[in-house]
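Close look at the chain arrangement
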Amino acid sequence: ETEITDVTVTPSADLVYNGNEQVLATLSGTKQGDTVSYKIDGNATEELKGTDAKEYSLEITVSRENYKDYVWTETVEIKKAQITGITVTPYSGIYDKSEHDALTVEGLENSDIVTYIIDGKEVNDMPKITNAGNYPITLKVSRDGYAPYSQIYTAVISKANAEITAELNQSAEY
């Protein structure tokens with residue numbers, strides 16, 4: 001049987017997760033009467049599209065009367081995106097006997113899983129700081145389809161200046 005040589009498959013390159021369905025590969029050069037079948041990860045599908053950040057095992061089969069089937073297989077990846085838009089302000093202030101959130105974090109999404117590491121312990125709640133010192137805190141954010149975000153910030157509470165009050169209560173007797 002003669003091989004089909006006039007079809008071309010172009011796998012998509014540099015795909016990055018964006019939350020939307022993306023084309024994983026395109027087929028061109030088919031003729032009227034050709035039968036085309038697609039598979040993703042071994043399952044038959046109507047088109048080669050994917051949404052999630054992962055590797056997809058693709059297969060395209062083109063059947064044409066009196067020709068040997070053309071079979072194309074390849075792996076295409078939708079890479080994880082980088083988390084952007086997070087703004088972190090570490091606390092910086094003078095000791096005032098009060099408890100303070102170690103960080104102010106903006107730009108998180110409701111579905112984000114956020115943890116903090118302080119003193120070697122991973123916690124789910126914002127660390128609170130009170131005493132003078134430097135507090136390195138790792139902020140970790142997990143978000144579906146994105147590479148994990150992990151960054152160290154240092155919150156600082158400076159020592160207060162000691163207030164010395166002496167009463168001027170000296171009287172001299174003559």
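Anything mentioned here points back to the structure above.
Note that residues are indexed from 1 along each chain, following the sequence as it is written. Reporting in this predicted model follows two pLDDT cut-offs: at least 70 for local features of residues, and 80 or more for side-chain atom pairs to be given and counted; totals over whole chains, interfaces and linings ignore these cut-offs and use all residues. To get the side-chain values, all heavy atoms of the structure are used, and hydrogens and water are removed first.

Re the packing of aromatic side chains
Just so we agree on the cut-off: Between rings of Phe, Tyr and Trp, where Trp is taken as its six-membered ring, a pair exists when centres lie within 6.5 Å; planes separated by under 30 degrees are stacked, by over 60 edge-to-face, and by other angles tilted. Working definition: helices are DSSP H or I runs of at least four residues, strands are E runs of at least two. Numbering for both runs from the N terminus. Look at NZ for Lys and CZ for Arg. If either is within 6 Å of the ring centre and within 35 degrees of the ring normal, a charge sits over the ring.
Across all of its chains, the model carries one aromatic pair by this definition. When the ring of Tyr17 is compared with that of Tyr146, the centres are 5.5 Å apart and the planes differ by 75°; the resulting orientation is edge-to-face. Here Tyr17 is found in the loop between strand S3 (15-16) and strand S4 (22-23), whereas its partner Tyr146 is found in the loop between strand S19 (133-142) and strand S20 (149-158), with 129 residues between them in sequence. Above the face of the Tyr67 ring, Arg64 is positioned so that its terminal group lies 5.4 Å from the ring centre.

A few points about unusual backbone geometry
In terms of backbone geometry, most residues other than glycine have negative phi values and most peptide bonds are trans. Stated precisely, the cut-off is as follows: We call a residue buried when its accessible area falls under 20% of the maximum for its residue type, exposed when it is over 50%, and partly exposed in between, using a 1.4 Å probe and counting protein chains only.
Within the chain, Asp41 stands out as a residue other than glycine whose phi angle is a positive 50°. Relative to the assigned elements, Asp41 resides in the loop between strand S6 (35-40) and strand S7 (43-45). For Asp41, a relative accessible area of 37% gives the class partly exposed.

Structural notes on the pattern of salt bridges
Going by this rule: Basic side-chain nitrogens of Lys or Arg form a salt bridge, by our definition, when they fall within 4 Å of a carboxyl oxygen of Asp or Glu.
On inspection of all chains with the given rule, the structure shows 11 salt bridges. The salt bridge partner of Lys54 is Asp41, with a shortest N-O separation of 2.7 Å. Highlighted residues: Lys54 in the loop between strand S8 (49-50) and strand S9 (55-63) and Asp41 in the loop between S6 and S7, separated in sequence by 13 residues. The structure contains a network of salt bridges with shared partners spanning Asp6, Lys31, Asp34 and Arg64.

Things to note about the sheet that holds strand S16 (residues 113-118)
Rules: Any two strands with at least two DSSP-identified bridges between them are counted as paired. Interaxial angles span 0 to 180 degrees and are taken between N-to-C directions of axes, which are lines fitted to C-alpha atoms, for helices over the stretch in contact.
Here we have five strands laid out as an open sheet, ordered S13-S20-S19-S16-S17, and mixed in their pairing. Where the open sheet ends on each side, the last strands, each with one partner, are strand S13 (92-94) and strand S17 (121-123). Neighbour-to-neighbour, the strand axes of the sheet open up by a mean angle of 25°, direction not taken into account. Bridge count between S19 and S20: nine bridges; the pairing is antiparallel. Across the sheet, Ile137 pairs through a bridge with Tyr153, a residue of S20.

Remarks on the pairing of strand S11 (residues 70-79)
The pairing of S3 with S11 spans two bridges and is classified as parallel. Within S11, the residue paired with Leu15 across the bridge is Ile78. Bridging between S9 and S11 involves eight bridges; their strand directions are antiparallel. Its bridge partner being in S11, Tyr56 is matched across the sheet by Val76.

What to know about the sheet that holds S11
Within the open sheet, the five strands sit side by side as S3-S11-S9-S6-S7. Their pairing is mixed. At either end of the open sheet lies a strand with only one pairing partner, and these are S3 and S7. Judged from the six bridges that link them, S6 and S9 form a sheet pairing that is antiparallel. Following the sheet pairing, Tyr38 is matched in S9 by Ile60.

Quick notes on the nonpolar core
Put simply, the rule is: For the purposes of this section, nonpolar cores are sets of buried Ala, Val, Leu, Ile, Met, Phe, Trp, Tyr and Cys residues that join through side-chain atoms within 4.5 Å. What makes two residues a contact is simply this: any of their non-hydrogen atoms within 4.5 Å.
If you look at the biggest cluster of nonpolar residues, it comprises 19 residues, and the most contacted ones within it are Leu24, Leu48, Leu58, Tyr70 and Trp72. Elements supplying a minimum of two residues to this core: S9 and S11. With sequence-adjacent residues up to four places away left out, Leu48 is seen in contact with Gln22, Val23, Leu24, Ala25, Tyr38, Lys39, Ile40, Leu58 and Ile60. Counting 18 residues, the second largest nonpolar core, distinct from the first, contains Val88, Ile137, Leu139 and Tyr149.

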